[in-house]
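Listed here are the chains, written in short residue letters.
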Amino acid sequence: MMRNLKLSTSVFPGIIFFSCLLLYLYSTLLPFYAHSPTESHNSLTPSTPAFSPSPPQCNLFHGNWVEDPSHEPIYDETCPFHRNAWNCLKNKRDNMGRINSWRWVPSGCDFPRIDPVGFLGLMRNRRIGFVGDSLNENFLASFLCILRVADAGAKRWKRKGAWRGAYFPKFNVTVAYHRAVLLAKYEWQPKQSAPSDQDGREGIYRVNVDTPADDWVNITDFYDVLIFNTGHWWGPDKFPKEKPLVFYKAGKPILPLLGMHDGFKVVLKNMISYIQKKVPSKTLKFWRLQSPRHFYGGDWNQNGSCLFDKPLEESQLDLWFDPSNNGVNKEARQLNLLIEEALQGTDIQLLDLTHLSEFRADAHPSIWLGKKDAVAEWGQDCMHWCLPGVPDTWVDILSEEIQYRLDRRQDFD
């Protein structure tokens, strides 16, 4: 018994030393495993600690387009969610191969294209909603065609006042668009005065600045992600002096009467306030800044055209878009300033897709609109985008932004 006791006494210090050595090695090596290269590529900043509140280190919104022959579209003209006028492959638009060979490279870093399967897996049992004008519909059409690659059983979805959308049954994901071109509710009121009145007005469009449009007023708690926009309808081409916008609040006209830009600011203030009050805090909210137009030689109704075969150079952008030059495409930057100011202090994230899109004068449907005499009727389309095309890059960026914010939210939970 004494012999056994001596043996235990001699072995015990060795066990303690070995245990301490294991603990040391574990604590030393653990950080390397926690940040190993095999960590999910979904994080935009894998080297940033999980608790960091800072935005992604890579600014996805600034960079340049690089021609890359290996860069090809994810979908083609057979996607059932196309809109005919934007289906440039089907409409045999010139140079579609080159249009889609340009790859957006953010300054100082690269980022992956969307993985449709991975993204739908991330969004399982969730819903994504777009609210705004036809440029958000252009965005949606690209999104639906890309996601359908991961779920060929996707079905058209049109509920809750949605203009169009799709349901992806493999993942129980819904993505839809609600048309609300001004965001606020507006309606036509024909003129009631005597024919002798010579002010030239045929009536007014009454805009209720404090009332959301019917198309989206009831969806504030339905979606897990919402992307808003407005802007392209805020101009005299949509609402000329014969049919002006007149702004009302609490049922009464705002006096003195507001001009277009002042009315835009008031609508922004009220709609953003409504979103902040009615949309749950857990919902990811984005506001897409303006999609630039590329009319050259005149506006859409003045024989303006966009028959370009390559992107603009960066040195050309201010000539096209700086408001101080008073060109036909100046309104995007003008409205962006008002939007950015209105969103300050909110939890709505800016989706600044303007700059990267300004380069792409080559990527609009132009004269290839899929309908006979369309150009004679509407003029060239230098506002919407060919699909596949630039909106596919918007989708890449949106998916990264959603993924980053969901990852960060889980880190805080």
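All values reported here derive from a predicted model rather than from experimental measurement.

### A word on the overall build of the protein chain
Secondary structure assignment for the protein chain yields 10 helices and 13 strands. Taken over 413 residues, the protein chain has a buried fraction of 48%. When contacts within the protein chain are restricted to residue pairs at least 6 apart in sequence, those whose partners lie at least 24 apart make up 76%. Carbon and sulfur atoms form 54% of the exposed surface of the protein chain, whose accessible area is close to 20,900 Å².

### A short note on unusual backbone geometry
Between Leu255 and the following residue, Pro256, the backbone shows a cis peptide bond with an omega angle of -10 degrees. Note that Pro256 resides in the loop between β11 (252-253) and α5 (260-278). Looking along the chain, the bond that leaves Leu387 and enters Pro388 is cis, with omega of -5 degrees. Not every positive phi belongs to a glycine, and Lys92 is a case in point at roughly 55 degrees. Structurally, Lys92 is set in the loop between β1 (63-67) and α2 (96-99).

### Re the sheet that holds strand β13 (residues 349-351)
With mixed pairing, 7 strands are arranged side by side in an open sheet as β4-β5-β6-β3-β9-β12-β13. Looking along the sheet, the strands with just one partner apiece sit at the ends: β4 (155-156) and β13. Where strand β9 (residues 225-228) lies against strand β12 (residues 284-288), 4 bridges are found, and the strand directions are parallel. Bridged to Leu226 within β12 is Lys285.

### Description of the environment of Glu400
With respect to the helices and strands, the residue Glu400 is situated in helix α10 (residues 390-412). Separated by 287 residues in the primary sequence, Glu400 and Arg113 have C-alpha atoms spaced 8.8 Å apart.

### Overview of the sheet that holds strand β7 (residues 184-190)
Spatially, 4 strands are ordered β7-β8-β10-β11 in an open sheet, and the strand pairing comes out mixed. Whereas interior strands pair on both sides, the edge strands pair on one side only; in this sheet they are β7 and β11. Across 4 bridges, the pairing between strand β8 (residues 203-212) and strand β10 (residues 245-249) is parallel. Looking at the pairing, Asn208 lines up with Tyr248 of β10.

### Some details on the environment of Phe359
Following the sequence through the fold, Phe359 ends up in the loop between α8 (354-358) and α9 (374-378). Residue Phe359 is classed as buried on the basis of its relative accessible area of 5%. Put simply, Phe359 and Trp320 are 39 residues apart on the chain and 9.9 Å apart in space, counted from C-alpha to C-alpha. If sequence neighbours within four positions are ignored, Phe359 has contacts with Gly63, Trp65, Trp104, His294, Pro311, Leu312, Glu313, Glu314 and Leu317.

### Structural notes on the packing of α5 against helix α7 (residues 331-343)
α7 packs onto α5 with a crossing angle of 35 degrees between their chain directions and a minimal axis gap of 10 Å. In the crossing of α5 with α7, the sense of the turn from one axis to the other is right-handed. Between α5 and α7, the residues in contact are His261, Phe264, Lys265, Leu268 and Ile272 and Gln334, Leu335, Leu338, Ile339, Ala342 and Leu343, respectively. Each residue belonging to the contact of α5 with α7 can be placed in one class, and the counts come to 8 nonpolar, 2 polar and 1 charged.

### A short note on α7
Between its first and last C-alpha atoms α7 spans 18 Å; for 13 residues at 1.5 Å apiece the expected length is 18 Å, and the two agree. Within α7, the full set of buried residues consists of Glu331, Ala332, Leu335, Asn336, Leu338, Ile339 and Leu343. Looking straight down α7, one finds its buried side chains confined to an arc of 170 degrees; they lie on one side. Residues Leu337 and Glu341 are exposed on α7 and point more than 90 degrees away from its buried face. In the core, the buried residues of α7 are packed alongside α5, β12, β13 and α8.

### Thoughts on the nonpolar core
Membership of the largest hydrophobic core comes to 64 residues, with the highest contact counts inside it found for Phe130, Phe143 and Val175. If one sorts the elements of this core by residue count, helix α4 (residues 134-148) sits on top with 9 residues. What Val175 contacts, discounting residues up to four positions off in sequence, is Ile128, Phe130, Leu140, Phe143, Leu144, Leu147, Gly165, Ala166 and Phe168.

### Details of the confidence of the model for the protein chain
Any region with low pLDDT has predicted coordinates that should not be read closely. With 84% of its residues at a pLDDT of 70 or more, the protein chain has an overall mean of 87. With pLDDT under 50 throughout, residues 1-55 is counted as low confidence; its partners more than four residues away or in other chains account for 23 contacts.

### Notes on the packing of aromatic side chains
Taken as a whole, this structure holds 23 aromatic pairs when the rule is applied. Judged by centre distance (5.7 Å) and plane angle (55 degrees), the ring pair of Tyr186 and Tyr205 falls under tilted. Highlighted residues: Tyr186 in strand β7 and Tyr205 in strand β8, separated in sequence by 19 residues. For Tyr186, a relative accessible area of 28% translates into the label partly exposed. Between Trp216 and Tyr274, the ring centres sit 5.7 Å apart and the planes meet at 90 degrees, which makes this aromatic pair edge-to-face.

### Here's the deal with the state of the cysteines
Going through the model one piece at a time under the given rule, you end up with 4 disulfides. Two residues share a disulfide in this structure: Cys58 and Cys109, whose sulfurs sit 1.8 Å from each other. Judged by the sign of its S-S torsion, about 60 degrees, the bond between Cys58 and Cys109 is right-handed. On the criterion of sequence distance, the pair formed by Cys58 in the loop between α1 (2-34) and β1 and Cys109 in the loop between β2 (102-106) and α3 (116-122) is long-range, its members being 51 residues apart. On the basis of relative accessibility, which here comes to 22%, the residue Cys109 falls in the partly exposed class. The disulfide partner of Cys88 is Cys386, and the S-S distance across this bridge is 2.1 Å. With the S-S bond torsion at -80 degrees, the cross-link from Cys88 to Cys386 turns out left-handed. Remark: Cys386 occurs in the loop between α9 and α10 and Cys88 occurs in the loop between β1 and α2; sequence separation between them is 298 residues. Comparing Cys88 with Cys386, the two get one shared label, buried.

Parameters at a glance
Residues numbered from 1 in each chain as written. Predicted model: local features only at pLDDT ≥ 70, side-chain atom pairs only at ≥ 80, totals over all residues. Heavy atoms only, no water. Helix = DSSP H or I, 4+ residues; strand = E, 2+ residues; numbered from the N terminus. Buried < 20%, exposed > 50% of the residue type's maximum accessible area, 1.4 Å probe, protein only. Contact = heavy atoms within 4.5 Å. Areas by Shrake-Rupley, 256 points an atom, 1.4 Å probe, with all protein chains shown as cover. Pairing = 2+ DSSP bridges. Axes fitted to C-alpha atoms, helices over the stretch in contact; angles between N-to-C directions. Left-handed = near helix turned anticlockwise from the far one by under 90°. Nonpolar A, V, L, I, M, F, W, Y, C, P; charged D, E, K, R; others polar. Expected span 1.5 Å × (residues − 1). Arc of directions from axis to C-beta. Core = buried A, V, L, I, M, F, W, Y, C linked by side-chain atoms within 4.5 Å. pLDDT = per-residue confidence, 0-100. Phe/Tyr/Trp six-rings, centres within 6.5 Å; stacked < 30°, edge-to-face > 60°. Disulfide = S-S within 2.5 Å.

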